[in-house]
Amino acid sequence: MQRNAPTTKTTPARSHVATALVAALIANAALATGPLFVRMADVGPVSAAFWRLIIATPILFAAATAMGEKPLALARGRWWILSIAGVVFALDLASWHIGIVRTTLANSTLFGNSASLIFPIYGFVIARAWPSKMQGAALLLAAIGGALLLGRSAELSSRHLAGDLFCLAAGVFYAVYFALMARVRVSLGPVPALALSSLATIPPLLVIALAMGEQIVPHLWWPLLALAIVSQLIGQGCMIYALGHLSPLVIGIALLVQPAVGAALGWIIFDEKLGTADLFGAVLVAAALVLVRQGAVRPKG
């Protein structure tokens, strides 16, 4: 909860936590539908990411303005870092969307969230810090679970394995994007920061889509509208709210809704059945996503 936020008898602090928990569950369920809409779109996967932001960004700017913010004015002196963040975020979305159409929905969701595991490594290396025992265990579980999932994908086909690797690459790019945006968030609110980073991401996404020779203009609009509204606006919006009111552990547990929903959608719609090794690997990675959010890194010395 925000510091010094007023509470009343009708809206006690616990009601904010309960609302935030519901928001976190909605956010993760909404974000899990993203891969489904990417597959259903009749444009290329990178083009789908382009339209996702083209549709959502004006709404984000309108929301920021309604909150009394002036994103473009606030961006002065920050365009250099926003531009770099936009390119990295474009690489993240492009890699993830390409991976979505090559591997299972369950794997794309699990590996797409790998930034939660990759970002702590940034703290260990750049900030000269050691992982806590809990975080060390999380990274070990993630390595074992990830190896199992990659091995199963390799057994299925080289296409599935390539899809997993694209989604893992997306996690690396997102961790870099997160580090860049952390600097922006020091002086900007979450909605203006998201609006500006989305704006900076649109041009490089279009360049990548054109370079890949993808179909850009859709004939079927509803999957792209659903991707922008359900995944980008509802999913990200609810997550931003939840992050301000819930502990990292609760956020980590709620995050497990994503692979569960992704696996269910893949099974029901695309007949993507999970084997024993898949389930075991997914459980290990899911456990790692929860454990890595517990405890802080310990500075060296």
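Rules used throughout
Residues numbered from 1 in each chain as written. Predicted model: local features only at pLDDT ≥ 70, side-chain atom pairs only at ≥ 80, totals over all residues. Heavy atoms only, no water. Helix = DSSP H or I, 4+ residues; strand = E, 2+ residues; numbered from the N terminus. Buried < 20%, exposed > 50% of the residue type's maximum accessible area, 1.4 Å probe, protein only. Contact = heavy atoms within 4.5 Å. Areas by Shrake-Rupley, 256 points an atom, 1.4 Å probe, with all protein chains shown as cover. Phe/Tyr/Trp six-rings, centres within 6.5 Å; stacked < 30°, edge-to-face > 60°. Core = buried A, V, L, I, M, F, W, Y, C linked by side-chain atoms within 4.5 Å. Patch = residues over 30% accessible without salt bridge, like charges linked within 9 Å, V, L, I, M, F, W, Y side chains within 5 Å. Salt bridge = Lys/Arg side-chain N within 4 Å of Asp/Glu carboxyl O. Axes fitted to C-alpha atoms, helices over the stretch in contact; angles between N-to-C directions. Parallel < 35°, antiparallel > 145°, perpendicular 65-115°, else oblique. Left-handed = near helix turned anticlockwise from the far one by under 90°. Nonpolar A, V, L, I, M, F, W, Y, C, P; charged D, E, K, R; others polar.

**Examining the overall build of the chain**
A tally of helices and strands in the chain yields 14 helices and two strands. Taking all 301 residues of the chain together, 47% fall into the buried category. The long-range fraction of contacts in the chain, counting pairs at least 24 apart against all pairs at least 6 apart in sequence, stands at 89%. Accessible area for the chain stands at about 14300 Å²; split by element, carbon and sulfur atoms hold 71% of it.

**Let's talk about the packing of aromatic side chains**
One pass over the full model with this rule turns up six aromatic pairs. Residues Phe89 and Tyr177 carry aromatic rings whose centres are separated by 4.4 Å and whose planes lie at 15° to one another, so their mutual orientation is stacked. Residue Phe89 is found in helix H5 (residues 79-100), and its partner Tyr177 is found in helix H9 (residues 158-184); the two are separated by 88 residues along the sequence. By the burial criterion, Phe89 is buried, and Tyr177 matches it. Measuring from ring centre to ring centre gives 5.5 Å for Tyr174 and Tyr177, while their planes differ by 40°; the resulting arrangement is tilted. Of this pair, Tyr174 and Tyr177 are both found in helix H9, three residues apart, which corresponds to roughly one turn of the helix. Residue class for Tyr174 comes out partly exposed when judged on its relative accessible area of 29%. Here Tyr177 falls in the buried class, since its relative accessible area comes to 6%.

**Section: helix H6 (residues 105-112)**
With seven of its eight residues buried, H6 lies for the most part within the structure. Considered for burial, the residues of H6 that qualify are Leu105, Ala106, Asn107, Ser108, Thr109, Leu110 and Phe111.

**Here we look at the environment of Met239**
Positionally, Met239 belongs in helix H11 (residues 222-243). Classification of Met239 by relative accessible area gives buried; the value is 12%. A C-alpha to C-alpha distance of 7.7 Å links Met239 and Asn28, two positions 211 residues apart in sequence.

**Focus: the side chain of Ser197**
Within the secondary structure, Ser197 sits in helix H10 (residues 190-211). Owing to a relative accessible area of 0%, Ser197 belongs among the buried residues under this scheme.

**Section: the nonpolar core**
Among the nonpolar cores identified, the biggest contains 47 residues, and Met181, Val184, Leu205 and Leu224 are the most heavily contacted of them. Contributing elements (two or more residues each) for this core: helix H2 (34-40), helix H3 (45-66), H5, H9, H10 and H11. Among the elements that make up this core, the one with the highest residue count is H5 (eleven residues). Residues contacting Val184, with those up to four places away along its chain left out, are Ile81, Leu82 and Ala193.

**What about the environment of Ile26?**
With respect to the secondary-structure elements, Ile26 resides in helix H1 (residues 13-32). Put simply, Ile26 and Val230 are 204 residues apart on the chain and 9.9 Å apart in space, counted from C-alpha to C-alpha. The contacts of Ile26, once residues within four sequence positions are left out, are Ile234 and Cys238.

**Things to note about a nonpolar patch on the surface**
On the surface, a cluster of nonpolar side chains totalling about 490 Å² of accessible area is made up of Val22, Ile26, Trp221, Leu225, Ile229 and Ile234. The set of elements that each furnish at least two residues to the nonpolar patch consists of H1 and H11. When residues in the nonpolar patch are grouped by element, the largest group, three residues, is from H11. By secondary structure assignment, the location of Leu225 is in helix H11.

**Structural notes on the packing of H3 against H10**
The interhelical angle for the contact between H3 and H10, taken along N-to-C directions, is 155°, at an axis separation of 8 Å. With respect to their mutual orientation, H3 and H10 come out roughly antiparallel. Our pair here, H3 against H10, has a crossing hand that is left-handed. Residues belonging to the contact of H3 with H10 are distributed by class as follows: 20 nonpolar, four polar and no charged.

**Concerning the side chain of Gln232**
Within the element layout of this structure, Gln232 appears in helix H11. In contact with Gln232, not counting residues within four places along its chain, are Arg52, Leu53, Ala56, Leu194, Ser198, Leu227 and Gly237.

**Focus on the packing of H3 against H5**
H5 packs onto H3 with a crossing angle of 130° between their chain directions and a minimal axis gap of 8 Å. Comparing their axes, H5 and H3 come out oblique. Remark: the crossing between H3 and H5 carries right-handed chirality. Across from Pro45, Val46, Ala48, Ala49, Arg52 and Leu53 in H3, the residues of H5 making contact are Phe89, Leu93, Ala94, Trp96, His97 and Ile98. Each residue belonging to the contact of H3 with H5 can be placed in one class, and the counts come to ten nonpolar, one polar and one charged.

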